[in-house]
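The residues making up each chain are set out below.
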Amino acid sequence: MARRLFGEISPLTYRIATERMILLRHVRNLRQKGTLAMTRPQEELPVTVYRHSSLIRRRLGNVDTELQDNKAMSLGLTAPKIDGILIAPGERFSFWNLAGRCSAKEGYREGLTISNGEPTRGMGGGMCQFTNLLHWMVLHSPLTVVEHHHHNGLDLFPDYNRQIPWGTGTSIAFNYLDYQVENRTPYLFQFRTWTTDEYLRGELRADRELPTKFHIRERDAYFYEQEGEVYRHNRVFRSERDKRTGLELSDELILENEGRIAYDRSLVRATILPARPAPRDTTP
């Protein structure tokens, strides 16, 4: 029998372990204080690099609609904390450094969270939708992702109105699982974020026109059955093209995902193969 970790002994030891990780991240952030993005001007930058809208309330299997409404409230509280932030050359954007801890005192509510691969409830649950939005916009830019976590080995929700490839999402937890981006370019970037009744909306803006454009696409995507469980696979590529000539400058594999679906197989809209296909080369 495997020996349990300290944080797995009881709810109390889990909380102690979590608070320890939070404290350690606070110390690390203090050391990075001079390079963390903090400037928020009144004017927005002139060029839109990429914009995206994310539906707040989605059909997610048996997820309680109250949790979706609570998530909408939490996203609305967080959007102004991120909106307008500049990421100057050499600076690093930290989501939790700006968003802060979700608490009932600030108006946050319990939403959907993931624990040990299963949906559960937690204060501020659903915030990963915010970093999903930011990450999808960043993938369409030359910004460098320096910290990114995701739900390894699981496909958590069915493809109801999914707009982006499976596996390109994020997983966050205050504040030791962060989403961080570094600006290693000569350009100045800015996030704009806001909510409507239906959507979380965002724009990534820049101080001037960029010479290239990025495209994200999925390949080699399928569902298959193994030992009574259904699994999903895909590969996600990112290409960069010169805006002036249209020439493709690069086409790289950025993710290969393999995970068990965590919802009823009847919600899978694609064909479920009887076995995992043999690997094949799907590079350009």
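To be clear, the structure that these remarks concern was listed above.
Quick look at the structure, then.

Cut-off values and rules
- Residues numbered from 1 in each chain as written.
- Predicted model: local features only at pLDDT ≥ 70, side-chain atom pairs only at ≥ 80, totals over all residues.
- Heavy atoms only, no water.
- Pairing = 2+ DSSP bridges.
- Helix = DSSP H or I, 4+ residues; strand = E, 2+ residues; numbered from the N terminus.
- Phe/Tyr/Trp six-rings, centres within 6.5 Å; stacked < 30°, edge-to-face > 60°.
- Buried < 20%, exposed > 50% of the residue type's maximum accessible area, 1.4 Å probe, protein only.
- Contact = heavy atoms within 4.5 Å.
- Axes fitted to C-alpha atoms, helices over the stretch in contact; angles between N-to-C directions.

1. Considerations on the sheet that holds strand β14 (residues 272-273)
Piece 1. With respect to topology, five strands assemble into an open sheet ordered β7-β13-β12-β11-β14, the strand pairing being mixed. Each edge of the sheet is formed by a strand with only one pairing partner; in this case those strands are β7 (154-155) and β14.

2. Details of the packing of aromatic side chains
Piece 1. Here the structure, examined in full by the defined rule, presents seven aromatic pairs.
Piece 2. Seen in terms of ring centroids, F95 and F130 are 5.8 Å apart; in terms of plane orientation they differ by 40°. Their pairing is tilted. Taken together, the positions of F95 in helix α3 (residues 95-99) and F130 in helix α4 (residues 128-138) put the pair 35 residues apart, joining distant regions of the chain. With respect to class, F95 is no different from F130; both count as buried.
Piece 3. Measuring from ring centre to ring centre gives 5.3 Å for W96 and F174, while their planes differ by 90°; the resulting arrangement is edge-to-face.

3. Brief notes about the sheet that holds strand β10 (residues 199-206)
Remark on secondary structure: sheet strands pair via backbone hydrogen bonds, oriented parallel or antiparallel.
Piece 1. Strand order in the open sheet made by the four strands is β1-β10-β9-β2, with antiparallel pairing throughout. Whereas interior strands pair on both sides, the edge strands pair on one side only; in this sheet they are β1 (47-55) and β2 (86-87).
Piece 2. In terms of strand pairing, strand β9 (residues 189-195) meets β10 through seven bridges, oriented antiparallel. Across the sheet, residue W194 finds its bridge partner in β10, namely R201.
Piece 3. Running at roughly 145° to β1, α4 makes contact with β1, β9 and β10 of the sheet.

4. Concerning unusual backbone geometry
Piece 1. For D220, which is not glycine, the phi torsion reads 55° and is therefore positive.
Piece 2. By the element assignment, D220 lies in strand β11 (residues 212-226).
Piece 3. According to the relative accessible area criterion, D220 is buried, its value standing at 13%.
Piece 4. If you check the backbone angles, E227 has positive phi at about 50° while not being a glycine.
Piece 5. By secondary structure assignment, the location of E227 is in the loop between β11 and β12 (229-242).
Piece 6. For E227, a relative accessible area of 79% puts it in the exposed group.

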